[in-house]
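Residue-level structural notes
Residue-level listing of the chains:
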Amino acid sequence: MHEQNTDSPGTKVPVVPMLTCVAAGLALALTPALIWRLKTGVWVCLAQPEILYYLQIAAEAYYNHLGHISDPTIANGVSFYPWLPFVPVVFIVRILGLSLFSVALIWSIFAGAGVGAGLYLTFWRFLRRRWLAAGLSIFCMSDFGFCSRFVFLLQLRQLAISLVIHPVGRLITIPFAQWRAPDPSIDLPFLFFQIIAVANARECPRRLNLWISGLVFGLLFYVFFYLWTMVAVALVIALLLDPAGRKIYGWTLLIGSVIGIPDLVLSLHSRAAAIDEGVARLALFVPAAAKARDYDLAFPILTVAFFTLAGFWIWKTRRFELIYLLSLVIAGLLLGYSRMVTHVFFHEYHYIWLWWPIRLVLGLIVIAGIAERRISSRAWHGLALSAFVLLYLIGGIYLNAIDVTRTRWSNGQIQNFVRYRSQRMAPGVSPLVPRSVLAGSQDFCELAAVAENQRELAGWILPLSVALDNSAWESRTALDAYLNGVKRADFARATSDEVKDDYWFSEPIQPQLMEDFMRKFDEVTRDPDKFIRALQVRYLALPVDQSPPPYVASQFRLLQPGPYWRIWQIEQP
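Before going further, it helps to examine the sheet that holds strand E6 (residues 556-560). Spatial ordering of the open sheet is given by E4-E3-E5-E7-E6, a layout of 5 strands whose pairing is mixed. Looking along the sheet, the strands with just one partner apiece sit at the ends: strand E4 (455-456) and E6. Judged from the 5 bridges that link them, strand E5 (residues 537-543) and strand E7 (residues 565-570) form a sheet pairing that is antiparallel. Across the sheet, alanine 541 pairs through a bridge with isoleucine 567, a residue of E7. In the packing of helix H20 (residues 470-483) onto the sheet, the strands contacted are strand E3 (437-440), E4, E5 and E6, and the crossing angle to E5 comes to about 50 degrees.

Rendered as structure tokens:
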């Protein structure tokens, strides 16, 4: 990483350092997929906790209507998820004749290559030191805290736990946030390229650069709501703080907003078509609860102090091209902590996965700028930094690997997939009728929804549907429990936890919801045939070691006896 001179602004992008970063990004992003390949024999990776839910959304386009996505629980139900992360990937998979499970693999490939290239180009664009930019990029990608609050320290903690404190056995850990697909791993490359487009337009405000900057911003509307809103606010802030770039920021806002109008219209249409109870259950723009869930509202005072000093350094050194990066950090802070002022909750914690990486990138650029002379004049610094980055990359790959091999959840996912593939994806096995409603074991139903175009009767994804009202949620949950042989007392305990999870922000209505769930369970118990017809249940999957309830044994016929799940089909005219 030792470099005597910086690259001039007109220098072409250094290919070798950028490809090095792309290779490092792919190594990190595809480590779980490689382990899954070794353990399952196929290129499938379901290591991420929510990946099967996102694949069910993709399944709607893959199996039923290639041009758009929809809700996975209700046929043609409205979905608030964006179009771009799903439909183009599904189109590629269909063209190549791959299974739907390959969507997750392509997401990982895009994330690894996109984050690697985007990070490198961002660092190189502002530092003009090709190998320093590569080292900083690899450090960021490899760090466990890149999309988290504690950079470097969290990495050391995880390594110490896994190598020293608990060198063997299972661990309780979480995956790297930056490789979570589709958010934020698909969002980050678009964010980095938008930063580069704005920087290029500011440096050389030609018409082509202005249009590229606006186009990239416009694409963000189709990637993620939290991404384009943060960038839009950042552009407004930069417009106020950077007089020299006002034309750039203004035209970027205008062009991008025009490109994003179709998505805004679609979003308004989706909101109008959504069920109000479903929107409230998803907690979109609702009054904030007394207690926060998913993240705390402790305001990052040290971050504000540091970037106040960074802003002073930018002003003092006249590095005004960095104002936009600083504006992104400010925008993320304002939006991420807007609840403290507005008292409105809209899952604004998603912003932290976007502004925390920019915080680290800007911080490293400032530090590199301050230490520029020392870095350029001492060769041993480059050797030391190179060794450190290589070790850090190895540590990141290791942490990514043990998340698959040493956690109970990941091992369970691998086991479930191997069993499902052995039982349902073997030669000669008749597939289930597409778009059928499937009840029973959650492990089986999630995989069948992706592999065989089924719809889950119940499960944890049900409350996430904005196309489903509370009555349907209650009916489906109650019927699924009844077909699984769940007793009334057990159902009461389970639904109490579920109601608290999904209506945590509105405690006053929880007792009424519990009453509704129990009333629905009693109705199902009295007349299960009515609910099976109404909800069009066709199949039931139960573990082989579970005896079917009397109703199932009398009204369903055994379709497949095992070896891991018994598949039953309803006897209906």
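Continuing now.
This part takes up the environment of valine 341. The topology assignment puts valine 341 in helix H14 (residues 339-342). Between the C-alpha atom of valine 341 and that of cysteine 45, which follows or precedes it by 296 residues, the distance is 41 Å.

Here we come to the packing of aromatic side chains. Counting across every chain of the model gives 40 aromatic pairs. Judged by centre distance (5.1 Å) and plane angle (55 degrees), the rings of phenylalanine 224 and tyrosine 226 are tilted. Of the aromatic side chains, those joined through ring pairs into one cluster are Phe217, Phe221, Phe224, Phe225, Tyr226, Trp228, Phe285, Phe346 and Tyr351. Sitting over the face of the ring of tyrosine 62, arginine 94 holds its NZ or CZ atom 5.7 Å from the ring centroid. Here the guanidinium or amino end of arginine 128 rests over the ring plane of tryptophan 124, the centre of that ring lying 4.4 Å away.

Our next topic: unusual backbone geometry. Glycine aside, residues mostly have negative phi angles, and peptide bonds mostly take the trans form. The residue after aspartate 183, namely proline 184, is reached through a cis peptide bond having omega 5 degrees. Following the sequence through the fold, proline 184 ends up in the loop between helix H6 (153-165) and helix H7 (187-203). Omega for the bond connecting glycine 562 with proline 563 falls within 30 degrees of zero, at 15 degrees, which places this linkage in the cis form. Looking at the secondary structure, you find proline 563 in the loop between E6 and E7. Of note in the backbone geometry, phenylalanine 285 takes a positive phi value of approximately 55 degrees without being a glycine. Structurally, phenylalanine 285 can be placed in the loop between helix H11 (276-282) and strand E1 (286-287). Despite not being glycine, arginine 318 shows a phi value in the positive range, around 60 degrees.

What follows deals with empty space enclosed by the protein. If you walk through the whole model with that rule in mind, you get 3 cavities of 30 Å³ or more. In this model, the largest cavity occupies a volume close to 50 Å³. Looking at the largest cavity, the residues that line it are Gln56, Ala59, Glu60, Pro72, Ala449, Asn453, Gln454 and Arg455. Ranked by residues supplied to the lining of the largest cavity, first place goes to helix H2 (residues 51-64) with 3 residues. Residue composition of the lining of the largest cavity, by class: 3 nonpolar, 3 polar and 2 charged.

This next bit is on the pattern of salt bridges. Tallied over the full model, the rule gives 13 salt bridges. The partner of arginine 455 in a salt bridge is glutamate 60, with the nearest N and O atoms 3.2 Å apart. Of the two residues, arginine 455 is situated in strand E4 and glutamate 60 in helix H2; the sequence distance between them amounts to 395 residues. Between aspartate 183 and arginine 180 there is a salt bridge, and its shortest N-O distance comes to 3.8 Å. By the burial criterion, aspartate 183 is buried, and arginine 180 matches it. Through salt bridges with shared partners, one network takes in Glu50, Arg180 and Asp183.

What counts, and at which threshold
Residues numbered from 1 in each chain as written. Predicted model: local features only at pLDDT ≥ 70, side-chain atom pairs only at ≥ 80, totals over all residues. Heavy atoms only, no water. Pairing = 2+ DSSP bridges. Helix = DSSP H or I, 4+ residues; strand = E, 2+ residues; numbered from the N terminus. Contact = heavy atoms within 4.5 Å. Axes fitted to C-alpha atoms, helices over the stretch in contact; angles between N-to-C directions. Phe/Tyr/Trp six-rings, centres within 6.5 Å; stacked < 30°, edge-to-face > 60°. Lys NZ or Arg CZ within 6 Å of the ring centre and 35° of its normal. 1 Å grid on protein atoms, 1.4 Å probe; cavity = no way out; pocket = protein on both sides within 12 Å on 5 of 7 lines; lining within 4 Å. Points joined across faces, edges and corners; volume = space filled by probe spheres on them. Nonpolar A, V, L, I, M, F, W, Y, C, P; charged D, E, K, R; others polar. Salt bridge = Lys/Arg side-chain N within 4 Å of Asp/Glu carboxyl O. Buried < 20%, exposed > 50% of the residue type's maximum accessible area, 1.4 Å probe, protein only.

Interpretation in functional terms is not warranted from these geometric data alone.
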